Structures are given as structure tokens and as C-alpha cells.
Amino acid sequence: MLLGFRTKLKLNGRQRKLMAQHAGYSRWIYNWGLATKIKLYQEGIKIKTTELKKFYTNHVKPNYPWQSSLSSRVYQFAFRDLDTAYSRFFKGLGEFPRFKKKGINDSFTIDAGGKLIRVGGTRIKLPFIGWVNSFEGLPHTSVKKVTISKQAGDWYLSLAFEQVREKPQLKNETIGIDLGISDWAYLSNGEVFPSLKPYRQLQKKLSRLQYLNRHKVVGSSNWYKAQLKIARLHHRISNIRRDYLHKMTSYIAKTWSKIAIEDLCVSGMLANHKLSKAVADQAFYEFRRQLEYKCPLYGSELVIVDRWFPSSKTCSNCQNIKQDLKLSDRWFNCTECETHLPRDFNASINLAHYADGLSVKACEVDNADVTIMKQEVINR
Ligand SMILES: [Zn+2]
């Protein structure tokens, strides 16, 4: 797939002057070629652009010493542009070529004489011109040519590049992921995605706003103002969350060949705080949605683990099920084998085992859990 990219350049005075000189050179060549072609045509002579260029190089260029202080690649492209304009005209795709005016679509194209130009970061080494900076990051690629153009007083870099979507080298392993509330996710290899500080701060602000405005008269102008404020904050929070989830899901889908997640965010479902529950639910669905489209993209397999699988209550080492594990228990302490792990870490290992078909004990559903879950569903 060929992608186009255009970005504003950050230039110093000397560079701006060089750009203007090269754009002027390109325009001069184009106009000289067009004028010569028209004149010859009027005298009954048709000339190919390649012949015209040869004549120019041998007989005309030496008379203009200022041109030898600029990149000779620019005039090659100016002749090519003229040729393109003519063939478009003959094919009925465009008007007869017009003379270029200074200050209108000033541009030039440059290459490295067949060598590739490396692109990436916020700097690019242009042939002849040297290093220039850009305001935004450039795609990591290499190109044969670049076009520099001026618009509203600023200079822009444009390039076209082939994007190759290479499938990443995946680890031939299964990763289990347990989504939580205090931390965003625990991975079965021990990695943790912690909660973001700005996210937590905004969440606190949101709860406070909601609390402070609880007595406002619905429909009053004060109520409306407060609602607007709350809506904006919601929006900011969900943006932060989505960005963070994208980072997580891209990393996960590009790294492991098999990925196991829960069917429902059980820990979120069981949380007693209404707000955190809603947030955990949203994050969970967004997390799952992203993985569902990214996994096929990178060639990894997503396994959704049955919601009745007791991932939290099972010991990941001996499969002993601990019925008395409380919601507030942040650690899993096995009474059978002395396994001592953070609750979500233990759960993530169980999810990975489940996806690999390693879980030996049948699932025992805790009736107390079912009661709570039923209640949660009714309350929705
Ligand atoms: Zn155990």
C-alpha cells in the first residue's frame, strides 16, 4: 500500500533561503522548457522532453552559473513535471500546461540520485540541502524522492512510501490477563499495567463533582452547567483510558501467540462501588473489543475463558479451590501448597492454564457468587 505523508518543516533562515532558491530553480526550468516547446511547435518542430533536457544540459545550463550552486537533481524533476503535464493534456486529463508564477504553488522535488533517503524521527537529511527538522515525527521508512512545497509562508515536506505490514515474531506462549480495578491488568508472566495517576486524579474529581451537584434541581441552569462539566470530564477520562488500552492491547497482541482473558470482568462486577464498577465494565469491553480486532491482525489467538471458571479462587500451583477468598483479599495464600501470590497475578496464571487446557479440577461455582451476580444483573 502506498501512503502519502505531508508535514510542516521547522527551518532556519538559511534553510528557508535554500528552499526558495530551489523552488525558483525548478520553476525557471519548467518555464524555460514550456516556452521552448511552444516556440519550436510554432515552427513546426516537435521535440521530446528527453531531447530538450539533453540540449539544455549541454548548451543552456553553462550560461547560467547560479544554477551550478544548486542541486542538479531539481531540474531533472522539473523536466519530468513538464513531461507529465504534457501527457496529461494529450490524454485529455488536464489543460494545456501553464507557466508557473512565483509565490503560487512554489515547490520542487529532490532525490539522492538513485540512492534511498532515510526517513524517521523529527529530522531528515535531504540530499544537497542537509539536515532539516520537522514539527512532527516522520514515518520510519526510506524513500526515493521528497517534494518540498510552500504554503501560506511555511515549507512542507511530502513523501510517498510503501507500507509493509509485517507480521510480528510472536512468542509461542500463552499469556493470561486479569483485569482489575486498583491496577489495570496483571499478566501471567508477572507484568503489571498500573493505574495511571492523571486518570486517578480525574476520577476523583469526577466523583467529587457528581457528589457536589447531587442536590441541584434537574433542568435548572446550574444543573445544566454542572452536567456539561461532568460530561467534559467523562470525555477526558475515556480518552485517557482508550489511549492506555490501545498501548496495552497492541503490546499484548504483538507479543504472544495465545491470549486468554475472562468472558466478563468478574472483579468489576463484584465491586461494591457503583462508579468503579461502571468504569471497570467500560474498560473491560473496550479492552476486549480492541483485542478482538488486533489479534487477527498480528496473527495471535484470543481465548475467551468461560465466565464460571473460578480464576481468582483457584491456586495456580496446585488447583486447590479456596472457597473463603474474600473480595478484599489482595493476596492468594494457598493452604495446601503455600503458594503466596497477588490475587490478580494468581488469576492471570489460571486463565493462561485454562486456555492451554491445563486446568485439572472441575469448576465449582460458589453459590454466594451466583447470588451476588444475579443481584448485580437485576440492579443494572
Ligand atoms: Zn496451592
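Small disclaimer: the values here were computed from a predicted structure and weren't measured.

Could you give an account of the pairing of strand β2 (residues 107–111), with specific residues and numbers?
Of all the 5 residues making up β2, 4 are buried; the element is thus mostly covered by neighbouring parts of the structure. Where β2 lies against strand β5 (residues 145–151), 5 bridges are found, and the strand directions are antiparallel. Across the sheet, the residue bridging to Thr109 is Thr147, located in β5.

Account for the coordination of the zinc ion, with residues named and values stated.
Coordination sphere of the zinc ion, protein contribution only: Cys315 (SG), Cys318 (SG), Cys334 (SG) and Cys337 (SG), at 2.2 to 2.3 Å. Each of the 4 donor atoms bound to the zinc ion contributes to angles spanning 105 to 113 degrees, and the resulting shape is tetrahedral. The class for Cys318 is partly exposed, based on a relative accessible area of 27%.

Please provide a residue-by-residue account of the packing of helix α2 (residues 49–60) against helix α3 (residues 72–90), values included.
Running from amino to carboxyl end, α2 crosses α3 at an angle of 150 degrees, the nearest separation of the two axes being 10 Å. Considering their axes alone, α2 and α3 lie roughly antiparallel with respect to each other. In this structure, α2 crosses over α3, and the sense of that crossing is right-handed. Note on element contacts: α3 touches α2 through Tyr75, Gln76, Phe79, Leu82 and Asp83, opposite Thr49, Leu52, Lys53, Tyr56 and Thr57. Taken together, the residues that form the contact of α2 with α3 break down as 5 nonpolar, 3 polar and 2 charged.

Lay out the side chain of Asp111 with the relevant residues and their values.
Position of Asp111 among the secondary structure elements: in strand β2. Taking the relative accessible area as the measure of exposure, Asp111 reaches 7% and is therefore buried. Within the local environment of Asp111, its side chain forms a polar contact with the side chain of Arg73, the two groups lying 2.5 Å apart. Those residues in contact with Asp111, other than ones at most four positions away along the chain, are Arg73, Phe77, Ile117, Pro127, Lys144 and Lys145.

Give a description of a positive patch on the surface that names residues and reports values.
On the surface, Lys205, Lys216, Lys229 and Arg236 cluster together into a positively charged patch. With respect to the element layout, Arg236 can be found in helix α5 (residues 221–255).

Which residues make up the packing of aromatic side chains, and what are the values?
Counted by the stated rule, this structure contains 21 aromatic pairs. Seen in terms of ring centroids, Trp32 and Phe79 are 6.4 Å apart; in terms of plane orientation they differ by 90 degrees. Their pairing is edge-to-face. Here the residue Trp32 occupies a position in helix α1 (residues 13–42), and Phe79 occupies one in helix α3, the gap between them amounting to 47 residues. What links up through ring pairs into an aromatic cluster is the set Tyr25, Trp28, Trp32, Tyr56, Tyr64, Trp66, Tyr75 and Phe79. Sitting over the face of the ring of Tyr30, Lys100 holds its NZ or CZ atom 4.4 Å from the ring centroid. Its end group placed over the ring of Trp131, Arg123 keeps NZ or CZ at 4.1 Å from the ring centre.

Reading the values: the criteria
Residues numbered from 1 in each chain as written. Predicted model: local features only at pLDDT ≥ 70, side-chain atom pairs only at ≥ 80, totals over all residues. Heavy atoms only, no water. Buried < 20%, exposed > 50% of the residue type's maximum accessible area, 1.4 Å probe, protein only. Helix = DSSP H or I, 4+ residues; strand = E, 2+ residues; numbered from the N terminus. Pairing = 2+ DSSP bridges. Donors = N, O, S within 2.8 Å, 3.2 Å for Na, K, Ca; no water. Tetrahedral: all angles 85-135°; square planar, octahedral: opposite > 155°, others 65-115°. Axes fitted to C-alpha atoms, helices over the stretch in contact; angles between N-to-C directions. Parallel < 35°, antiparallel > 145°, perpendicular 65-115°, else oblique. Left-handed = near helix turned anticlockwise from the far one by under 90°. Contact = heavy atoms within 4.5 Å. Nonpolar A, V, L, I, M, F, W, Y, C, P; charged D, E, K, R; others polar. Polar contact = N/O pair within 3.5 Å; in protein donor to acceptor, adjacent residues only side chain to side chain. Patch = residues over 30% accessible without salt bridge, like charges linked within 9 Å, V, L, I, M, F, W, Y side chains within 5 Å. Areas by Shrake-Rupley, 256 points an atom, 1.4 Å probe, with all protein chains shown as cover. Salt bridge = Lys/Arg side-chain N within 4 Å of Asp/Glu carboxyl O. Lys, Arg positive; Asp, Glu negative; His and termini not counted. Charge placed at Lys NZ, Arg CZ, Asp CG, Glu CD. Phe/Tyr/Trp six-rings, centres within 6.5 Å; stacked < 30°, edge-to-face > 60°. Lys NZ or Arg CZ within 6 Å of the ring centre and 35° of its normal.

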